[in-house]
Amino acid sequence: MTVSIEALVAGQAVIARLDASAPGLVTELFLIGSAILDDWQTGQSDVDVLGILARNPTEPERRCLEAALRSEGPKIEAEWFTRAELAIPQSTAVRAVALRTLVQGGLSLRGVVPSQISDNSTLLAELLVANLQTYWFDWIGRARQPFSRFGLSMLGDWAPAWGVLGVARIIYTLRTGDIISKSGAGRWALSQFPEHARILTECIRLRTGDGPKSYVEPFRRKRDALAAMNAMILASRP
């Protein structure tokens, strides 16, 4: 595992701010996400952390948790759990994926991984399928509107890579049970969806900055991105 120093520093800063503003609240804190999945992209990646709380936070403590994530560096995203919440089924795909990533190999900034985590692979799959059928189908529908702000964003570099690689990550987890980075999911999808190799290669390039451009015409790239996303979602159905 290659870990981003930038993410490590940001995570340690979160601990320092919380120790100063809410002593004893955070008992464990772990790096998850691209920082530990060998996919850190400076200037692009968020710092993802998962923290375990000693108690249900009060309203002032909630404000401390929010303030601790503010940074002049990379954006910091956090999922907070009490120990009781670790042992129960999760209600959202984001939280279920966070716990699966922690079990798979989160990097400890403080403490050890608790033993009572409810890492339910069947529930995770159900939540991810629901996410594809709701969030991502809605995402595709909005992106198809040619003159909407969101539709126009698909002509830039961020949205095609976010959409194609985001869906590919979910399909990978549905088929393997493991969590993978966006770039890793794109490379995996090349062998699973070879008919979409051109747009997958382009989205990996947009994510990593490696390799030559595969497209000159942004409208064609947008069409191919939406087609690949739709095909991968359809392939996830039983």
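All values derive from a computational prediction rather than experimental measurement.

A. Structural view of helix H5 (residues 121–143). For H5, built from 23 residues, the straight-helix expectation of 33 Å at 1.5 Å per residue is met to within 8% by its first-to-last C-alpha distance of 31 Å. Of all the bends in H5, the greatest measures close to 30 degrees and is centred on Asn 131. Buried within H5 we find Leu 123, Leu 124, Leu 127, Leu 128, Leu 132, Trp 136, Trp 139, Ile 140 and Ala 143. The residue sitting at the N-terminus of H5 and contributing the capping side-chain oxygen is Asn 120; that oxygen lies 3.0 Å from the backbone nitrogen of Thr 122.

B. A look at the packing of helix H7 (residues 158–176) against helix H8 (residues 182–192). Viewed as axis vectors pointing N to C, H7 and H8 meet at an angle of 75 degrees, and their least axial separation amounts to 8 Å. It follows from the interaxial angle that H7 and H8 lie roughly perpendicular. Across from Trp 162, Leu 165, Ala 168, Arg 169, Ile 171, Tyr 172 and Arg 175 in H7, the residues of H8 making contact are Lys 182, Ala 185, Gly 186, Trp 188, Ala 189 and Gln 192. Grouping the amino acids of the contact of H7 with H8 by side-chain chemistry returns eight nonpolar, two polar and three charged.

C. Structural detail: the packing of H8 against helix H9 (residues 197–208). At their nearest, the axes of H8 and H9 sit 9 Å apart, and the two run at 160 degrees to each other. The angle between H8 and H9 falls in the class roughly antiparallel. The interaxial crossing formed by H8 with H9 has left-handed handedness. Contacts between H8 and H9 involve Lys 182, Ser 183, Gly 186, Arg 187, Ala 189 and Leu 190 from the former and Ala 197, Leu 200, Thr 201, Ile 204, Arg 207 and Thr 208 from the latter. Looking at the contact of H8 with H9, its residues break down into five nonpolar, four polar and three charged.

D. Representation of the packing of aromatic side chains within the structure. Using the criterion set out here, one finds five aromatic pairs in the structure. Between Tyr 135 and Trp 136 the ring centres are 4.8 Å apart and the planes differ by 85 degrees, which places this aromatic pair in the edge-to-face class. Aromatic pair Trp 139 and Phe 150: ring centres 5.0 Å apart, planes at 90 degrees, arrangement edge-to-face. Taken together, the positions of Trp 139 in helix H5 and Phe 150 in helix H6 (residues 149–153) put the pair eleven residues apart, joining distant regions of the chain. Here Trp 139 and Phe 150 have matching classes, each one buried. One aromatic cluster in this structure is built from Tyr 135, Trp 136, Trp 139 and Phe 150. Its end group placed over the ring of Phe 81, Arg 95 keeps NZ or CZ at 3.9 Å from the ring centre. Directly above the ring of Phe 150 sits Arg 142, whose terminal nitrogen or CZ lies 4.2 Å from the centroid.

E. Representation of the pattern of salt bridges in the model. Taken as a whole and assessed by the stated rule, the structure comprises 14 salt bridges. Across the pair Arg 207 and Asp 39 runs a salt bridge, and its minimum N-O distance is 3.1 Å. One end of the pair, Arg 207, is in helix H9; the other, Asp 39, is in the loop between strand E1 (26–32) and strand E2 (47–53), with 168 residues separating them in the sequence. Under the relative-accessibility criterion, Asp 39 is labelled buried at 2%.

F. Quick look at the pairing of E2. Counting buried positions over the seven residues of E2 gives six, a clear majority of the element. With six bridges joining them, E1 and E2 adopt antiparallel strand pairing. Residue Leu 29 lies in a different strand from E2, and its bridge partner there is Gly 51. Sheet topology note: the E2/strand E3 (residues 76–82) ladder contains seven bridges and is parallel. Directly across from Val 49, in E3, lies its bridge partner Ala 78. For the segment spanning E2, helix H2 (residues 59–68) and E3, crossover handedness is right-handed.

G. Local environment of the side chain of Lys 222. Note on placement: Lys 222 falls in helix H10 (residues 218–235). Look at Lys 222: it is buried, it has no salt bridge, and the nearest opposite charge is Glu 217 at 11 Å. Within the structure, Lys 222 has its side chain in polar contact with the backbone oxygen of Gly 151 (distance 3.2 Å). Dropping the residues within four chain positions of it, Lys 222 is found in contact with Ala 143, Gln 145, Pro 146, Gly 151, Met 154 and Leu 155.

H. Layout of unusual backbone geometry. Despite not being glycine, Asp 38 has its phi angle at roughly 55 degrees, a positive value. Take Asp 38: its relative accessible area is 48%, and that puts it in the partly exposed class.

Definitions and limits used
- Residues numbered from 1 in each chain as written.
- Predicted model: local features only at pLDDT ≥ 70, side-chain atom pairs only at ≥ 80, totals over all residues.
- Heavy atoms only, no water.
- Helix = DSSP H or I, 4+ residues; strand = E, 2+ residues; numbered from the N terminus.
- Expected span 1.5 Å × (residues − 1).
- Bend = angle between axes of the 7 residues up to and from the residue.
- Buried < 20%, exposed > 50% of the residue type's maximum accessible area, 1.4 Å probe, protein only.
- Polar contact = N/O pair within 3.5 Å; in protein donor to acceptor, adjacent residues only side chain to side chain.
- Axes fitted to C-alpha atoms, helices over the stretch in contact; angles between N-to-C directions.
- Parallel < 35°, antiparallel > 145°, perpendicular 65-115°, else oblique.
- Contact = heavy atoms within 4.5 Å.
- Nonpolar A, V, L, I, M, F, W, Y, C, P; charged D, E, K, R; others polar.
- Left-handed = near helix turned anticlockwise from the far one by under 90°.
- Phe/Tyr/Trp six-rings, centres within 6.5 Å; stacked < 30°, edge-to-face > 60°.
- Lys NZ or Arg CZ within 6 Å of the ring centre and 35° of its normal.
- Salt bridge = Lys/Arg side-chain N within 4 Å of Asp/Glu carboxyl O.
- Pairing = 2+ DSSP bridges.
- Right-handed = clockwise from strand over helix to strand, strands pointing away.
- Lys, Arg positive; Asp, Glu negative; His and termini not counted.

Scope: geometric values only; no functional claims are made or implied.
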